[in-house]
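# Structural description and commentary
Listed below, chain by chain, are the residues.
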Amino acid sequence: MTNFNKIAKRIDSFRDQMIEMQIQLCAIPAMSPLSGGEGEAKKAEFLLKFLKKNGFKNIKVIKAPDLDAPAGYRPNILVIHEGKNSSKTIWIMTHMDVVPPGELALWKGDPFKAWVEEGKIYGRGVEDNQQDMLASLFVLKAFQAEGIKPNFDVGIALVADEETGSKKGIQYVLNHTKAFRTQDLIIVPDAGNREGDMIEVAEKSLLWLKFKTLGKQAHGSTPEKGINSFKAASFLVTELDNLYQIFSKKNPLFDPPNSTFEPTKKEPNVPNINTIPGEDIFYMDSRILPEYKIEEVEEEIKKMTKKTEEKFKVKVNLEEAQKAPAAPPTPAKALVVSALKKAIREVYKRDAKPMGIGGGTVAALFRQSGFEAACWAKFDETAHQPNEYCFIDNMLGDAKVFAHIFLQD
Ligand SMILES: [Zn+2]
């Protein structure tokens, strides 16, 4: 039997233990204080006990101070499991925090008393992010049980605060430690699809703008005495659609492959039909390919607002509601991508593709700090929803993908 087959078989033998631990972890709701919770301190205690009981020795706890958490800190756990060669580390990072359950009436059962049904475990946090947290812990347990060493060091990062911005989580760890090296492989199993064939390596920049158009209110019967701000804003909305032509580059890594510029939210103006509105507010959500700078887009938008101001004699105030430049993408040929592809091919029999998404994964924080990181997991994408579940087979399968990578040269 090959080493991989031995490990895979051992992982299968942990099935019941993994289910039990999912249920135990769900019973410790680790919500951020920003979402009305206590933070991750109790969940971290539980995990530390597990790590010590299972013979893990190189464990570090990095506490990010947080006076809003009863413990006074947010815990981040780093574990190093020694391999045959320490010249690089293969990291698996998952997060301990969960989002609130939301409307309880929408759940079939108690979100914090996880239950098993037809090959799935239900409960808040079981997929996001405990599925792969347990995969990362039990794969190492399998290596220990078989007396097999991974080819390189393996690092397990269990972090706090992923759901509310990561400032007390991985961002804190990146700022306060030198745990990661540029040659390391960093896998963040916190995004994925049903087939398990999407490796996320890039993001678009995000720009949310508020447009406030100021005209002059008047009676509906005498529009010439006012300036219709809604009419001017409507003109501006159609002008903004030209951004699609101006920034028309396509990048096949992304779906959709182009930048997007969409008017979204609209605030109410006047309450009655017979008033010419003097003020109009709408918003735009832009997702911009990393090929463009956000500032270039803003420059074009300013030209359009100026044109509108001149044509309609209004004033348009622009406000940034959110602006997040894309991190440099992880190259599609990066080692972490090819390692994942090989392992996914072996375990799930699929050809995985590196892809970009619209924005917002925690891997971007690694990329911003100069590390190559890839997001991958086999997910049914039930995160943050009522009746969140994880396929038990995905938990075991993802553990085997990690095992395969730990055994690659
Ligand atoms: Zn997550």
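One can find the structure itself at the top, above this paragraph.
Scoring rules and cut-offs
Residues numbered from 1 in each chain as written. Predicted model: local features only at pLDDT ≥ 70, side-chain atom pairs only at ≥ 80, totals over all residues. Heavy atoms only, no water. Helix = DSSP H or I, 4+ residues; strand = E, 2+ residues; numbered from the N terminus. Buried < 20%, exposed > 50% of the residue type's maximum accessible area, 1.4 Å probe, protein only. Polar contact = N/O pair within 3.5 Å; in protein donor to acceptor, adjacent residues only side chain to side chain. Contact = heavy atoms within 4.5 Å. Axes fitted to C-alpha atoms, helices over the stretch in contact; angles between N-to-C directions. Parallel < 35°, antiparallel > 145°, perpendicular 65-115°, else oblique. Left-handed = near helix turned anticlockwise from the far one by under 90°. Nonpolar A, V, L, I, M, F, W, Y, C, P; charged D, E, K, R; others polar. Donors = N, O, S within 2.8 Å, 3.2 Å for Na, K, Ca; no water. Tetrahedral: all angles 85-135°; square planar, octahedral: opposite > 155°, others 65-115°. Pairing = 2+ DSSP bridges.

## Things to note about the side chain of Ser32
Considering the arrangement of structural elements, one finds Ser32 in the loop between helix H2 (15-26) and helix H3 (41-53). Residue Ser32 is classed as buried on the basis of its relative accessible area of 2%. Side-chain polar atoms of Ser32 contact the backbone nitrogen of Leu34, separated by 2.9 Å. Apart from the residues within four sequence positions on either side, Ser32 is in contact with Gly37, Arg74, Val98, Asp161 and Thr164.

## Focus on the packing of helix H4 (residues 126-146) against helix H11 (residues 392-407)
Contact geometry of H4 with H11 gives a least axis separation of 8 Å together with a crossing angle of 50 degrees. In terms of their interaxial angle, H4 and H11 are classed as oblique. Crossing hand, H4 versus H11: right-handed. Residues Gln131, Asp132, Leu134, Ala135, Ser136, Val139, Leu140 and Phe143 of H4 pack against Asn394, Met395, Asp398, Ala399, Phe402, Ala403, Phe406 and Leu407 of H11. Residues of the contact of H4 with H11, tallied by class, amount to 11 nonpolar, 3 polar and 2 charged.

## A few points about the coordination of the zinc ion
Every protein donor of the zinc ion is listed here as His95 (NE2), Asp128 (OD), Asp190 (OD) and Asp190 (OD), and their distances to the metal cover 1.9 to 2.7 Å. Seen from the zinc ion, its 4 donor atoms lie at angles of 52 to 145 degrees, and the figure they make is irregular. Written as a sequence motif, the donor arrangement for the zinc ion is H-x32-D-x61-D. Pair noted here: Asp128 is in helix H4 and Asp190 is in the loop between strand E7 (185-188) and strand E8 (198-203), with a separation of 62 residues, a long-range link. Asp190 matches Asp128 in its accessibility class, with the two residues each being buried.

## Looking at the sheet that holds strand E4 (residues 115-117)
With respect to topology, 3 strands assemble into an open sheet ordered E4-E5-E17, the strand pairing being antiparallel. Of all the strands in the sheet, the pair left with one neighbour each is E4 and strand E17 (389-391). If you compare each strand with its neighbour and ignore which way they point, the axes differ by 25 degrees on average. By the bridge criterion, 3 bridges tie strand E5 (residues 120-122) to E17 in an arrangement that is antiparallel. Residue pairing in the sheet places Ile121 in a bridge with Cys390 of E17. The strands touched by H11 within the sheet are E4, E5 and E17, with E17 carrying the most contacts at an inclination of about 60 degrees.

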